[in-house]
Amino acid sequence: MNDQALLRYSRQIMLDPIEIEGQERLLASHALVIGAGGLGSPVALYLAAAGVGRLTLADDDAVELSNLQRQVAHGQADIGRLKAESARDAALALNPDCRITAVTERLDGEALALAVQAADLVLDCTDRFASRYAINAACQAEGRPLVSGAAIRFGGQLAVFDPRDPESPCYACLYPPSKPGEPVDDEELRCAENGVVAPLVGLIGSFQALEAVKLLSGAGSAHQGLSTFDGLTGEWRRFRVPRDPACPVCGQRCGQD
Ligand SMILES: [Zn+2]
C-alpha cells in the first residue's frame, strides 16, 4: 500500500480486527455481486469504498425511473443505461483504484459457475427465487461463501452460507426448493410487484457488505443462522438454521457425517 492507500483506508486499518494485514487481504480479494438494484447498490458502493480490490457486478436490467427511489448507485441521468455499467461508474467515482468488471448478461449455467469460481465470495442481491437457487448451487459446487440478502415491503433478512464450514447450511436447507412439477413462486420476492420502503434495502445491503468485509479481511466471525428485520417495529430476530442432511444441494457435500 502506498501513502494514499494508507490514508484512504486508515479508519479501517486502525481497527484491531482488521489492521494492515486485513486491509491487504481485502485489497487482494475479488467479490462477485449478482444484482445491481436495491441491495446491489449499497453492496457495490461500500465494497468499493472499503477497498475490496476487485468487483464483478452482474445485472442484465436497465435503469428505470421507478428504480431511483431505492437503487442509490443510479442517478437520474442513468435512466436507460445498463445497471451493471451505471453501478460500476458510481463505485469507481468513490474509489478509482477498485478493479470493476460489469457483466450485462444474466449469469446462469456455465457462465455463472465460472464467475463464482473466479471470485472469493458471492453476494446474492437478486430478487428471483430461480436465481437464488442457481447461485446457491454454484457456490456450493465451487466452495465459495455466499452472503444472501432479501428485502420486500418493510421486511428484510440476511444469511451467510459458507460451504467451507462443515456445519454451515445452504440456501436450499433454509428454503427447500419445490418438488418437480410444483411451480416456483417467482413473484414473492419482487419489489416490482410488492413494493419496498427505500431505506430497507440500504440497511440489508449494508449488512451484506459488512459480512463480506469480515469474511474477506478475516475480521470477527461470520453471521450464523438467519437474521430478520421488521421495519415497521424496528425489531431484529435471529433464527438457528440447521443443515438439512437430506438437502438436495448440500446433503452430499464432503465432510458430512
Ligand atoms: Zn443445503
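The structure under discussion appears in the preceding block.
The numbers attached to residues start from 1 for each chain and follow its sequence in the written order. Where local features are concerned, this predicted model is filtered to residues with pLDDT of at least 70; where side-chain atom pairs are given and counted, the filter is 80 or more; whole-chain, interface and lining totals use all residues. Where side-chain values are given, they derive from all heavy atoms of the structure, hydrogens and water being excluded.

1. Description of the packing of aromatic side chains
- Two rings belonging to Phe, Tyr or Trp (six-membered ring only in the last case) form a pair when the distance between their centres is within 6.5 Å. Interplanar angles under 30 degrees mark stacking, angles over 60 mark edge-to-face geometry, and anything in between is tilted. Going through the model one piece at a time under the given rule, you end up with 5 aromatic pairs.
- Between Tyr171 and Tyr175, the aromatic rings sit 5.3 Å apart at their centres with planes inclined by 55°, giving tilted as the arrangement.
- In this scheme, a residue with accessible area under 20% of its type's maximum is buried, one over 50% is exposed, and one in between is partly exposed, where area comes from a 1.4 Å probe on protein chains only. Look at Tyr175 and you get partly exposed, because its relative accessible area is 27%.
- Ring geometry for Phe207 and Trp236: centres 5.5 Å apart, planes at 85°, overall edge-to-face. With a gap of 29 residues between them, Phe207 in helix H10 (residues 198-217) and Trp236 in strand S8 (residues 235-239) connect regions that are remote in the sequence.
- Each member of the aromatic cluster is reached from another via a ring pair, and the members are Tyr133, Phe161, Tyr171 and Tyr175. Put simply, DSSP marks the helices as runs of H or I at least four residues long and the strands as runs of E at least two long, and each gets a number from the N terminus on.

2. Examining the sheet that holds strand S5 (residues 146-152)
- The criterion for strand pairing is that DSSP finds at least two bridges linking the strands in question. In spatial order, the strands read S3-S2-S1-S4-S5-S6-S7-S8; together these 8 strands make up an open sheet with mixed pairing. Two strands bound the open sheet, and with one partner strand each, they are strand S3 (99-103) and S8. Neighbour-to-neighbour, the strand axes of this sheet turn through a mean angle of 15°, independent of strand direction.
- The sheet contact formed by strand S2 (residues 54-58) and S3 spans 5 bridges and is parallel. When the bridges of S3 are listed, Arg54 appears paired with Arg99.
- Of the strands in this sheet, strand S1 (30-34), strand S4 (121-124) and S5 are in contact with helix H7 (residues 129-142), which crosses S5 at around 165°. For helices, the axis comes from a line fit to the C-alpha atoms of the stretch in contact; other axes are also lines fit to C-alpha atoms, and the angle between any two N-to-C directions lies between 0 and 180 degrees. In what follows, a contact means two residues having at least one pair of non-hydrogen atoms within 4.5 Å.

3. Considerations on the coordination of the zinc ion
- Protein coordination of the zinc ion is provided by Cys170 (SG), Cys173 (SG), Cys247 (SG) and Cys250 (SG), with donor distances spanning 2.3 Å.
- A donor here means an N, O or S atom no more than 2.8 Å from the metal, or no more than 3.2 Å when the metal is Na, K or Ca. Since water is not included, a site may seem to lack partners. Site shape is set this way: if four donors have all angles between 85 and 135 degrees, tetrahedral; if opposite donors are over 155 degrees apart and all others between 65 and 115, square planar for four donors and octahedral for six; otherwise irregular. Taken together, the 4 donor atoms coordinating the zinc ion and their angles of 93 to 124° define a geometry best described as tetrahedral.
- The sequence motif formed by the donor residues of the zinc ion is C-x2-C-x73-C-x2-C. Here Cys247 lies in the segment after S8 and Cys173 lies in helix H8 (residues 171-174), a separation of 74 residues in the sequence.
- Classification of Cys247 by relative accessible area gives buried; the value is 3%.

4. What to know about the pattern of salt bridges
- Every case where a carboxyl oxygen of Asp or Glu lies within 4 Å of a side-chain nitrogen of Lys or Arg is listed as a salt bridge. Per the counting criterion, the structure on display carries 7 salt bridges.
- The partner of Asp60 in a salt bridge is Arg106, with the nearest N and O atoms 3.5 Å apart. In this pair, Asp60 is assigned in the loop between S2 and helix H5 (83-94) and Arg106 in the loop between S3 and helix H6 (109-118), connecting sequence segments 46 residues apart.
- Classification of Arg106 as partly exposed rests on a relative accessible area of 41%.

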